[in-house]
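In case you want the letters, here they are:
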Amino acid sequence: MGMAGAPVDMGRRRLLASGAITVGFSLLPAAAMAQKAAGGKAAAPSSTPAAAAPAAKPPAPPKLPGSLASTPMLDAWIRLEATGHVTVCTGKAELGTGVRTAFIQIAAEQLDVAPSAITLITADTARTPNEGYTAGSHSLADSGTAILNAAAQARDLLLDAAAIQLSVARDTLRTEGGQVLAADGRRLAYGAAVAGLDLHRAAAPVSPLKDPRQFQVIGRPWPRVDIPGKVAGGPSYVQDMRLPGMLHARVVRQPSYGARLVSLDDAAVRALPGVVQVVRDGSYLAVVARDEWQAIVAMRALAAAARWEETASLPAAADIHAYLMRLPAREIQVADTRAGTAPAGRRFTARYTKPYLTHGSIGPSCALAQFVDGQLTVWTHTQGVFPLRGGLAEMLGLPPERVRCIHVEGAGCYGHNGADDVAADAALIARAVPGQPVRVQWMREQEHTWEPSGPAMVTDVAATLDAGGNIVDWDYQVWSNSHNQRIDNAGRLMPTWALARPFTPAPPKPIPMPEGGGDRNSIPLYDLPRMRVLHHFLPDMPLRVSAMRSLGAYMNVFTIESFMDELALAAKADPVQFRLRHLKAPRARAVVELAARQFGWPAPGPRAPGHGVGFAFAQYKNLMAYMALAVELDVQRESGAVRVRRVVAAVDCGQIVNPDGVRNQIEGGILQSFSWTLHEQLRFDRRRVDSYDWSTYPILRFSGVPERVEVHLIDQPGLPFLGAGEAAQGPASAALANALADATGRRLRDTPLGGDRLREGAA
């Protein structure tokens, strides 16, 4: 599986005469590296008199594309062996989105090699570039763009080297199948061409990219490299890893926030079969055993032997949104284009709410760690190996270079779930039993009750329609906690809160726009003459929260697109035509028109009672993929049960690498959004989180999956990659809500919309 491996010697920076491009890294500024690559020398001290005119400020160096801007050396991304085998490195992690396959396609296309000839190394602090977190639909835009350009420049340098070896003009050569071909029929394999070539050089701002019309791999369906093992039940996830001599551990988690361990009699637990050690540090409690079942039995016994003092006081769940609005807020003016007197017209207002949501990862969080001679290695499904390394190093008092984090896929997650926390568990326990690898897996109730949830939110929106039914004023407000409590310091790792010397989490900070956190997608893409958008950022967090797929975009698009339907109804306009009336951007209009056309909007003729259709549109973050979709559904008036008959979506994500991969992401995003919107809500009392399993936190079942989902793609060859992994979350929720309103004649604004709320609305 390639899950374990010897640490790489990072001191080996230059290409040797062995015919291999090696991987290396540099943190030098791009301009300095460009000078070094060009053989430049530092300027001699000037003898100009003080009265002389100051030298003109040198122009800023051109920005490198994608993640080359932060890791500009070509050999950090591409390695070519004398055998012709290619290794590509990325700091991004495979989270089930198919980026592993897409990156291989990109490199294969630009290098002119078969995808099967490429090995991809993902997110490893000892082997790959530091690309921060795999989040925000940035993988293709950042890492894919870097690989695209690095591969193209590497191929160009191979042609230069081959021209010298073959003593021919550079422009008479071409590449094909991992070889350089000369006009006279001679061929030079890449492995031979690379001999003597040094790729430890800064990337250029402009790359000799292939003409998109010549693409043979990019833009075509390609089998996902990770699917066969998953379908066949092979070892695919960190949960599947087994290392020689591995021990198993389980943690006894505090029963509530801030609970303190006041007494423990663990003698009987230590005597249980297979128990190796009981680990205690303040209120942090864990047990290590020879096999997994022994660890579980010992954990249950240890939990029964522990006595806790609980002091947590949570707000009333029924009052949570009013409670949030009463909290101290940092007011952030996201947008304000108002000028002069507000125009006259009909004024409409609405409030929408969202509860706390859990990630609901199908596989509980898991990590492996081994502590040997002061060196920690962790195998983890974190979304950020480098930030995690920093947090673990601080937690253990180690230099970061003594900690290695290796990403291994986890069984299900989009966002900040328990992956980092369980890695901290594994590190703490491995330190207590040095020399042996330790596997830690959370129990289901720990996953549900301790992972960071997606924040509850409140949105208020008001708009004015003129006599012609046009929006002439827009006022939007959103109340939300932070959507990013990722690992800025050791205190963001939840297990450190229980230690005898606990760590304090770094204070929450808003994410600046245009990316945004709670205010992500709070600015409508529509052309509105007057607009104000205000973000009430709430630093105090009643429940532990952090990033969840699409962050605030899910709620903001749900609100904006639900309200657009409400305004269309008030204006007596067709919802699609009402949107197009306020939408000028050509690519935005194209997805709206394509989705409507493929759906057959508007549905002809009268509809049966309980039958409804809905439409929605957004561009994720107003930066990434454009998406529009239409939904057709039935609601049973007696039970409130929802049957989604058909979903038709249109997507523009720029240059498409793998059409099947894009469709997979859009289809999965639609289903997940439907689950959130109809069913999901984290429940809690005044002391503890009560949603501890699938019965107390219901999700969409197979019986609720739409009968048909169509995804129509607009390819844009040669244009930048636009991330599509989170494009569906907001539009899918709003289209569903709009279809429910159409079917029942009643607008529901508080998610989840299913259950009692929908029964009341359908009655």
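For the structure, check the block above.
A. Fine view of the nonpolar core. Residues Trp474 and Ile670 are the most contacted members of the largest nonpolar core, which totals 83 residues. With 66 residues, the next largest nonpolar core counts Leu327, Ala393, Ala430 and Leu538 among its residues.

B. Looking closely at helix 12 (residues 553-570). Helix length check: helix 12, at 18 residues, gives a terminal C-alpha distance of 25 Å against a target of 26 Å (1.5 Å per residue), a fit within 8%. Taken across its 18 residues, helix 12 has 17 buried, putting it largely inside the fold. Positive backbone phi, approximately 55 degrees, marks Lys572, located one or two places after helix 12.

C. Expanded view of empty space enclosed by the protein. Using the criterion set out here, one finds seven cavities of 30 Å³ or more in the structure. Counted as a void, the largest cavity has a volume near 90 Å³. Every residue lining the largest cavity is listed: Asn521, Ile523, Pro524, Leu525, Tyr526, Val557, Ile560, Glu561, Phe617, Ala618, Gln619 and Asn622. Mapped onto the lining of the largest cavity, the elements with two or more residues apiece are helix 12 and strand 21 (611-619). The class makeup of the residues in the lining of the largest cavity is eight nonpolar, three polar and one charged.

D. Up close: the pairing of strand 14 (residues 366-372). Most of strand 14 is tucked away, with five of its seven residues classed as buried. Bridge count between strand 14 and strand 17 (residues 438-441): four bridges; the pairing is antiparallel. By the bridge assignment for strand 17, Cys366 is matched with Gln441. Here strand 14 pairs with strand 15 (residues 375-380) via six bridges, running antiparallel. Looking at the pairing, Val372 lines up with Gln375 of strand 15. In textbook terms, the turn of a hairpin is the stretch between consecutive antiparallel strands, and for strand 14 and strand 15 this stretch comprises two residues, one of which, Asp373, has a positive phi near 50 degrees.

E. Spotlight on the sheet that holds strand 6 (residues 187-189). Strand order in the open sheet formed by three strands is 4-5-6, with antiparallel pairing between adjacent strands. Both edges of this open sheet fall to strand 4 (174-176) and strand 6, since each of them pairs with a single strand only. Pairs of neighbouring strands in the sheet enclose a mean axial angle of 30 degrees, with direction left out of account. With three bridges joining them, strand 5 (residues 179-181) and strand 6 adopt antiparallel strand pairing. Of the residues in strand 6, the one forming a bridge with Leu181 is Arg187.

F. Inspection of the packing of aromatic side chains at higher detail. Within the structure shown, the criterion is met by eight aromatic pairs. Ring geometry for Trp474 and Phe563: centres 5.9 Å apart, planes at 65 degrees, overall edge-to-face. With Trp474 in strand 19 (residues 471-481) and Phe563 in helix 12, this residue pair connects regions lying 89 residues apart in the sequence. Note on Trp474: relative accessible area 1%, which makes it buried. Summarising the aromatic geometry, the rings of Trp601 and Phe615 are spaced 5.6 Å apart at their centres and angled 65 degrees between planes, so their arrangement reads as edge-to-face. Here the residue Trp601 occupies a position in the loop between helix 14 (586-599) and strand 21, and Phe615 occupies one in strand 21, the gap between them amounting to 14 residues. Take Trp601: its relative accessible area is 15%, and that puts it in the buried class. We note Arg486 situated over the ring of Tyr133; from NZ or CZ to the ring centre the distance is 4.8 Å.

G. Fine view of the pattern of salt bridges. Here the structure, examined in full by the defined rule, presents 42 salt bridges. A salt bridge links Arg170 to Asp156, with the shortest nitrogen-to-oxygen separation between them at 2.0 Å. You can see Arg170 sitting in the loop between helix 3 (139-166) and strand 4 and its partner Asp156 sitting in helix 3, a full 14 residues away along the chain. A residue is classified by how much of its surface remains accessible, and Arg170, at 29% relative accessible area, is partly exposed. Take Asp156: its relative accessible area is 23%, and that puts it in the partly exposed class. Salt-bridge contacts for Asp473 lead to Arg347; the nearest nitrogen and oxygen are separated by 2.7 Å. Remark: Arg347 occurs in strand 13 (residues 346-354) and Asp473 occurs in strand 19; sequence separation between them is 126 residues. The partly exposed category is assigned to Arg347, whose relative accessible area is 42%. Here the salt bridges share partners, and the residues they tie into one network are Arg224, Asp226, Lys230 and Glu409.

H. Spatial organisation of the sheet that holds strand 7 (residues 247-252). The sheet built from seven strands is open, its strands ordered 9-10-7-17-14-15-16 with mixed pairing. Only two strands of the sheet have a single partner each, and these edge strands are strand 9 (275-281) and strand 16 (403-407). Strand after strand, the sheet turns through a mean of 20 degrees between neighbouring axes, direction not considered. Pairing analysis gives five bridges linking strand 7 to strand 10 (residues 284-289), with the strands arranged antiparallel. Across the sheet, the residue bridging to Val251 is Ala286, located in strand 10. Packing of helix 7 (residues 292-305) onto the sheet brings it into contact with strand 7, strand 9, strand 10 and strand 17, and relative to strand 7 it is tilted by some 25 degrees.

I. Inspection of unusual backbone geometry at higher detail. Omega for the peptide link from Trp601 to Pro602 comes to -5 degrees, which places this bond in the cis form. With respect to the element layout, Pro602 can be found in the loop between helix 14 and strand 21. Residue Pro752 follows Thr751 across a cis peptide bond; omega there is 0 degrees. The topology assignment puts Pro752 in the loop between helix 16 (729-744) and helix 17 (756-762). Not every positive phi belongs to a glycine, and Asp112 is a case in point at roughly 60 degrees. Relative to the elements of secondary structure, Asp112 occurs in the loop between helix 2 (99-111) and strand 3 (118-122). Positive phi outside glycine occurs at Asp373, with the angle close to 50 degrees. Taking relative accessible area as the criterion, Asp373 reaches 70% and is therefore assigned exposed.

J. Here's a closer look at the side chain of Ser482. As for its position among the elements, Ser482 is in the loop between strand 19 and strand 20 (531-538). By relative accessible area, which is 1% here, Ser482 ends up buried. At 2.9 Å, the side chain of Ser482 forms a polar contact with the backbone nitrogen of Asn484. Side-chain polar atoms of Ser482 contact the side chain of Gln485, separated by 3.3 Å.

K. Examining the packing of helix 12 against helix 16 more closely. With their axes 7 Å apart at the nearest point, helix 12 and helix 16 run at an angle of 35 degrees to one another. Crossing of helix 12 over helix 16 shows right-handed handedness. Residues Ala553, Tyr554, Val557, Phe558, Glu561, Ser562 and Asp565 of helix 12 form the contact with helix 16, whose own contacting residues are Gln729, Gly730, Pro731, Ser733, Ala734, Ala737 and Asn738. When its residues are assigned to classes, the contact of helix 12 with helix 16 shows seven nonpolar, five polar and two charged.

So, how was this worked out
Residues numbered from 1 in each chain as written. Predicted model: local features only at pLDDT ≥ 70, side-chain atom pairs only at ≥ 80, totals over all residues. Heavy atoms only, no water. Core = buried A, V, L, I, M, F, W, Y, C linked by side-chain atoms within 4.5 Å. Buried < 20%, exposed > 50% of the residue type's maximum accessible area, 1.4 Å probe, protein only. Helix = DSSP H or I, 4+ residues; strand = E, 2+ residues; numbered from the N terminus. Expected span 1.5 Å × (residues − 1). 1 Å grid on protein atoms, 1.4 Å probe; cavity = no way out; pocket = protein on both sides within 12 Å on 5 of 7 lines; lining within 4 Å. Points joined across faces, edges and corners; volume = space filled by probe spheres on them. Nonpolar A, V, L, I, M, F, W, Y, C, P; charged D, E, K, R; others polar. Pairing = 2+ DSSP bridges. Axes fitted to C-alpha atoms, helices over the stretch in contact; angles between N-to-C directions. Phe/Tyr/Trp six-rings, centres within 6.5 Å; stacked < 30°, edge-to-face > 60°. Lys NZ or Arg CZ within 6 Å of the ring centre and 35° of its normal. Salt bridge = Lys/Arg side-chain N within 4 Å of Asp/Glu carboxyl O. Contact = heavy atoms within 4.5 Å. Polar contact = N/O pair within 3.5 Å; in protein donor to acceptor, adjacent residues only side chain to side chain. Left-handed = near helix turned anticlockwise from the far one by under 90°.

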